[in-house]
Amino acid sequence: MEPPRNRTWLRWAWLVAALALCGAWAASYVLSSEAPRAMVLLLPQARSGELPVAQAWRDAAQEEGLSVTTMTDDEFMRFGGDRRHIAGVILPDSVHREASDLLVNQLYDYVHGGGRLFLAFDAGVHAPNQVGYVGPDSRLSRLAGVRYALYHDLREQTFADDRVLGSRAAEQHLGLQPGKLDFKHSAQPPLGELTTYGYPRLHYPHFRTQPASEAAARVLLQSPAGDVMVSQHRFGDGEVLFVNLPLGYLKTRTDGHLLHRLLNHFAVGMLRQPRLAAVPQGVGGMVLNLHIDSNAAQRPLLQLEQEGWFDRGPYSLHLTAGPDTFVPGDHLGIDLDHNPDMVAFLRRQLARGHEVGNHGGWGHNIFGNNANDSNQATYEPFLQLNHDSVSSAMQRPARSYSAPMGNQPAWSTHWLEAQGFKAYYFTGDSGLGPTRAYFEGQRPTARLWAFPVTNLYQIATFEELQQQPQPRSDEDMAHFLEGLPHHVADARVARLFYFHPPAAARYRHVLARLDRQAQALADRQRFRWYTMERLADFMDQREQVRWQVTLTDTGQRQLVARSAADLAEMSWIFPLETADGFEVVTGKASVRRDAADWVVTAGAGQTLVVHIHAARTSTARR
């Protein structure tokens, strides 16, 4: 497997490219007595919405199931930061570097009066039509509770490039999933170090910071030098989430985990907003993706079948179908076209409900080691051969894909789209569920869903456990795979883990621990196994849903949802203390509750209206 592309972009020069695109995107926002308390993504002007980083923020909100409205600076100042209708304000990185003094003052008034602000990186560090930084530090430093943008004092040392560290308490507070913070090999124990798949060390650009002269912010993530990376700060009656990282830009370069996680934390953790779940019926789960690379996988697969392992699931089985693996003529491949036993095996798994898909290009290592952006004419036929073989064995077209060794040139993604594929496994954006993956800063395809691998620190599967310089133990993997089902169940999300069948013999005890945890949660209806195709179809359906929480003439809140397709299995998650019950007025829906949330799940139909009974004052969180 290959790690994601080398992130040479983690330097200051990215800002120039991020600001290079501009278009004519129109937005409008109208406040009325019926309007909900919405989260607002603040942009300098309407056309800023076409910038890739602005779109990345909106895409992240949509994928997290959050209701976010775009508003221009002029509109925000016109409405006076009306807290009756604005639940929280997001000031994004890269696209909002300039801010007028009037806007800055309005933000101070809004937060001081009880508003919530998500302040990202370089937002507002410059004034319009003025060269350079404004003042000795950012004009928003008092809001953040942290002094930053210290150009007058630090000059060329204004920025740093370093690792991100967090405590166990911060990991829990921010809801980071297992495998993201490494406490065992951290640069600064007892703090854990943020990791991603394929990189020994993960560095991020950020402002050097200094403590504020007033009440200090609560630091959640920091650099080894003590620079604040993420913090929360009370200001007056309001609160600010300050993130000293270029979140939107990072998402456009296949590193969207922090943007998604912190956006969810702001909306749900701080604002207690509802969200549309990214899994059917709001039940979290996992995609277990088996990569069948060569004929070395055949015997382990049959052994797993004999043990009853495939009676569970469903799982996603991806196959490299050609006769060779490492070099042409080695005869180490599955040779599916001349392997009736393997064809019969695949058809048995299809009958059990498992998914069968393509593992790339005919010869696993031949394609994985050699395909690149410049040799499409040579290696695209390998994709077609594999697709034809697997589809013939299935007796229907394959629709999911994983790249051999993680090698996915841009032309192969376009080929997948042209062939009608729905989903592909992805070595970037680790820590996310199904996502529209950006490529070199550009908007993603509208047809394909990327399924990022879920990383255990720098690795993703069994064969990588002993990789240097930081080898991991069987117990590290077992602990990770026991924790992951609990995380996806609690967060109501889906994540992908993959492995190769030959590893099953050595690591069967580890897989057994995953099985036990998943089954225990499934018995309580808190966990499901999903396939790539199943989730891709669901996410396509989900994208057509339009919803909001509005107010009736009598001031009662109501959930209103519509879809051009079908609302079936769509679920809205409301924090428990924000409602005292629900009443279905139009359409079909069921309501359930657990220790943390209300879950409103739609039945078949295109329209749903549900009245939300007000939470009791004694339990409502303000």
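First, a word on what this report is: a plain description of the structure on this page. Nothing here was measured: the structure is a model prediction, and the numbers come from that model. (Residues numbered from 1 in each chain as written. Predicted model: local features only at pLDDT ≥ 70, side-chain atom pairs only at ≥ 80, totals over all residues. Heavy atoms only, no water.)

Describing the pairing of strand β4 (residues 116-120)
Here is step 1 of the chain: The element β4 is extensively covered by neighbouring structure, given that 5 of its 5 residues are classed as buried.
Here is step 2 of the chain: Alternating residues of β4 divide into Arg 116, Phe 118 and Ala 120 and Leu 117 and Leu 119, and every residue in both groups is buried.
Here is step 3 of the chain: Taken together, the 3 bridges between strand β3 (residues 86-91) and β4 define a ladder with parallel strand orientation. Among the inter-strand pairings, Ile 90 is bridged to a residue of β4, identified as Phe 118. (Buried < 20%, exposed > 50% of the residue type's maximum accessible area, 1.4 Å probe, protein only. Helix = DSSP H or I, 4+ residues; strand = E, 2+ residues; numbered from the N terminus. Pairing = 2+ DSSP bridges.)

Things to note about the packing of aromatic side chains
Here is step 1 of the chain: Going through the model one piece at a time under the given rule, you end up with 29 aromatic pairs.
Here is step 2 of the chain: Aromatic pair Phe 76 and Tyr 110: ring centres 5.9 Å apart, planes at 75°, arrangement edge-to-face. Residue Phe 76 is located in helix α3 (residues 73-78), and its partner Tyr 110 is located in helix α4 (residues 101-112); the two are separated by 34 residues in the primary sequence.
Here is step 3 of the chain: With a relative accessible area of 0%, Phe 76 lands in the buried category.
Here is step 4 of the chain: For Tyr 110, a relative accessible area of 1% translates into the label buried.
Here is step 5 of the chain: Between Trp 547 and Trp 572, the aromatic rings sit 6.4 Å apart at their centres with planes inclined by 70°, giving edge-to-face as the arrangement. Of this pair, Trp 547 sits in strand β24 (residues 545-551) while Trp 572 is found in strand β26 (residues 571-575), placing the two residues 25 residues apart along the sequence.
Here is step 6 of the chain: Looking at Arg 168, its charged tip hangs above the ring of Phe 183, at a distance of 3.7 Å from the centre. (Phe/Tyr/Trp six-rings, centres within 6.5 Å; stacked < 30°, edge-to-face > 60°. Lys NZ or Arg CZ within 6 Å of the ring centre and 35° of its normal.)

Regarding unusual backbone geometry
Here is step 1 of the chain: Pro 190 follows Pro 189 through a cis peptide bond whose omega is 10°.
Here is step 2 of the chain: Pro 314 follows Gly 313 through a cis peptide bond whose omega is 20°.
Here is step 3 of the chain: As for its placement among the helices and strands, Pro 314 is situated in the loop between α10 (298-306) and β17 (316-319).
Here is step 4 of the chain: Here Arg 155, not a glycine, exhibits a phi torsion of approximately 50°, which is positive.
Here is step 5 of the chain: Taking relative accessible area as the criterion, Arg 155 reaches 43% and is therefore assigned partly exposed.
Here is step 6 of the chain: Positive phi is not limited to glycine here, since Glu 440 has a value of about 50°.

Examining the pattern of salt bridges
Here is step 1 of the chain: Within the structure shown, the criterion is met by 29 salt bridges.
Here is step 2 of the chain: Where Arg 534 meets Glu 569, a salt bridge forms, and the shortest distance between an N and an O atom there is 3.0 Å. With Arg 534 in helix α18 (residues 532-543) and Glu 569 in the loop between β25 (557-563) and β26, this pair connects stretches of sequence that are 35 residues apart.
Here is step 3 of the chain: Each of Glu 305, Asp 311, Arg 348 and Arg 352 takes part in one network of salt bridges that share partners. (Salt bridge = Lys/Arg side-chain N within 4 Å of Asp/Glu carboxyl O.)

Considering the sheet that holds β24
Here is step 1 of the chain: The sheet built from 4 strands is open, its strands ordered β24-β25-β30-β27 with antiparallel pairing. Sheet topology places β24 and β27 (581-586) at the edges, where each strand pairs with a single neighbour. Each strand of the sheet is rotated relative to its neighbour by a mean of 20°, with strand direction disregarded. (Axes fitted to C-alpha atoms, helices over the stretch in contact; angles between N-to-C directions.)

What to know about the sheet that holds strand β15 (residues 275-276)
Here is step 1 of the chain: The strand order across the open sheet formed by 4 strands is β15-β26-β29-β28, and the pairing between neighbours is antiparallel. A strand with exactly one partner marks an edge of an open sheet, and here the two such strands are β15 and β28 (589-593).
Here is step 2 of the chain: In this structure, β26 lies alongside strand β29 (residues 597-602), joined through 5 bridges in antiparallel fashion. Residue Trp 572 lies in a different strand from β29, and its bridge partner there is Val 600.

Topic: the packing of α10 against helix α11 (residues 340-352)
Here is step 1 of the chain: Where α10 meets α11, the closest approach of the two axes is 11 Å, and the angle between their N-to-C directions is 40°. Of the possible angle classes, the one that applies to α10 and α11 is oblique. As α10 packs across α11, the resulting crossing turns out to be left-handed. In this structure, α10 contributes Gln 298, Leu 301, Leu 302 and Glu 305 to the contact, and α11 contributes Asp 341, Met 342, Phe 345, Arg 348, Gln 349 and Arg 352.
Here is step 2 of the chain: Classifying every residue of the contact of α10 with α11 by side-chain character gives 4 nonpolar, 2 polar and 4 charged. (Parallel < 35°, antiparallel > 145°, perpendicular 65-115°, else oblique. Left-handed = near helix turned anticlockwise from the far one by under 90°. Contact = heavy atoms within 4.5 Å. Nonpolar A, V, L, I, M, F, W, Y, C, P; charged D, E, K, R; others polar.)

A short note on helix α15 (residues 474-491)
Here is step 1 of the chain: Spanning 18 residues, α15 covers 26 Å between terminal C-alpha atoms, matching the ideal 26 Å at 1.5 Å per step.
Here is step 2 of the chain: Among the residues of α15, Asp 476, Met 477, Ala 478, Phe 480, Leu 481, Leu 484, Pro 485, His 487, Val 488 and Ala 489 are the ones counted as buried.
Here is step 3 of the chain: Residues of α15 that are buried in the fold lie against β16 (285-292), β22 (494-499) and α17 (508-523).
Here is step 4 of the chain: Two residues or fewer past α15, Arg 492 is found with a positive phi of approximately 60°. (Expected span 1.5 Å × (residues − 1).)

Thoughts on the environment of Glu 214
Here is step 1 of the chain: Counting through the fold element by element, Glu 214 comes out in the loop between β11 (210-211) and β12 (218-222).
Here is step 2 of the chain: Glu 214 sits in the partly exposed class, given a relative accessible area of 47%.

Some remarks on helix α9 (residues 257-270)
Here is step 1 of the chain: Helix length check: α9, at 14 residues, gives a terminal C-alpha distance of 19 Å against a target of 20 Å (1.5 Å per residue), a fit within 8%.
Here is step 2 of the chain: With 13 of its 14 residues buried, α9 lies for the most part within the structure.
Here is step 3 of the chain: Phi turns positive, to about 60°, at Arg 272, one or two residues after α9.

Considering the nonpolar core
Here is step 1 of the chain: Counting residues in hydrophobic clusters, the biggest one holds 51 residues, and the most contacted among them are Leu 336, Phe 462 and Met 477.
Here is step 2 of the chain: The element best represented in this core is α15, accounting for 7 residues.
Here is step 3 of the chain: Those residues in contact with Met 477, other than ones at most four positions away along the chain, are Leu 456, Ile 459, Thr 461, Phe 462, Leu 465, Phe 497 and Val 510.
Here is step 4 of the chain: Listed in part, the 43 residues of the second largest apolar core include Leu 41, Val 164, Leu 174 and Val 230. (Core = buried A, V, L, I, M, F, W, Y, C linked by side-chain atoms within 4.5 Å.)

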